[in-house]
Structures are given as structure tokens and as C-alpha cells.
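# Coordinate analysis (summary)
Here is what each chain is made of, one letter per residue.
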Amino acid sequence: MTGEVRSVVVGGQQLRVAVRPGRAAAGGRPPLLLINGIGVSLEVFGPLVRELDPDLEVIMFDPPGIGGSARPRGPYRCTGLCRLIAGMLTELGYGRVDVLGISWGGGVAQHFAAFWRSRCRRLVLVATATGSVMVPARPSVLARLVLPPRRQMDREYL
């Protein structure tokens, strides 16, 4: 893994965190917080972090119950996880960050950006969705997703 890995405790929850130092803080550039997909430890970001500008400070963590982070006491919601992330950033000494979320982490990142606006400068989403109630913009798009393609129904068209 690229960066210093350590353990921090936030609100009684132990989290495994990795920080790749950068010189960006001196230039006023906020660090980049990476939020991984469900069930995936922070190591998934290794190849990406190695390709990022070395001046950029990068923060990664294992959500509760994943990788090296302790299991949560019970189920948690996105709201609680975002509160935990904000507490982790405070514990690490960070104010405002840019946030990148991948897959499930993209949903968490969206929630964080919406409800912790003062902590999120920019948001990047990778292979994610707007949530379980997402609906395509137009009914014609929904119809294309639900109905079989014409080539499967019409031999002449095929």
C-alpha cells in the first residue's frame, strides 16, 4: 500500500486509515479522500494512488467491518458512516477535502457531499449510481431497459 497505515478511533469505532503524504497542503490544494466499494479494503486504491500526482495528499480508509477496521457494534446507515468519516477527517487534522467514491463508495460520497458540504470541496463518482430509487430521465429510456431489444423479437429486423 502506498502511504502510512495506522489505526484511529472515532466515536468508539476503530478504523484502519492510510495517508499518502503530499506537498499539496502548502499550495492550498485539499487532500483527496477515497471511499472504496462495498466489502473492499483500502488496498484496492494502490494502483490509482501510485498514478496520482505525488504532490497530492491522499486519504484512504477501511469502512467498519472491512479490511483492518473493527466490526461495528450493529448495522449502520449512510448517515452514520458519513458522520464517522467527518470525525475521522477531524481526528486526522483535515478540514475540507476532495472526495472520490467508487461503486458503493460513490453512494457514500454523494451522501457525504450533500450533508457535509463544508467538508467536501469537489466530488468525483466512479462506477456508481444515484441510489436504489434512481429513475432514468425519460420514460423511453426506462422502456429500453425493460423491454427486450427489437432484434430479439423481430426476425426481419435481425
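Scope of this entry: the structure provided in the associated data block.

Scoring rules and cut-offs
Residues numbered from 1 in each chain as written. Predicted model: local features only at pLDDT ≥ 70, side-chain atom pairs only at ≥ 80, totals over all residues. Heavy atoms only, no water. Pairing = 2+ DSSP bridges. Helix = DSSP H or I, 4+ residues; strand = E, 2+ residues; numbered from the N terminus. Axes fitted to C-alpha atoms, helices over the stretch in contact; angles between N-to-C directions. Contact = heavy atoms within 4.5 Å. Buried < 20%, exposed > 50% of the residue type's maximum accessible area, 1.4 Å probe, protein only.

## Considering the sheet that holds strand 4 (residues 58–61)
The strand order across the open sheet formed by six strands is 1-2-4-3-5-6, and the pairing between neighbours is mixed. On the outer flanks of this sheet lie strand 1 (4–10) and strand 6 (120–126), each paired with one strand and no other. Pairwise comparison of adjacent strand axes, ignoring direction, gives a mean angle of 25° for this sheet. Where strand 5 (residues 97–102) lies against strand 6, five bridges are found, and the strand directions are parallel. Opposite Val97, over in strand 6, you have Cys120 as the bridge partner. Here helix 2 (residues 78–92) sits on the sheet in contact with strand 1, strand 2 (13–20), strand 3 (32–35), strand 4 and strand 5, set at roughly 115° to strand 1.

## Notes on the environment of Leu84
Position of Leu84 relative to the elements: it lies in helix 2. On the basis of relative accessibility, which here comes to 13%, the residue Leu84 falls in the buried class. Considering only alpha carbons, one finds Leu84 and Gly12, 72 residues apart in sequence, at a separation of 9.9 Å. If sequence neighbours within four positions are ignored, Leu84 has contacts with Val10, Gln13, Leu15 and Pro64.

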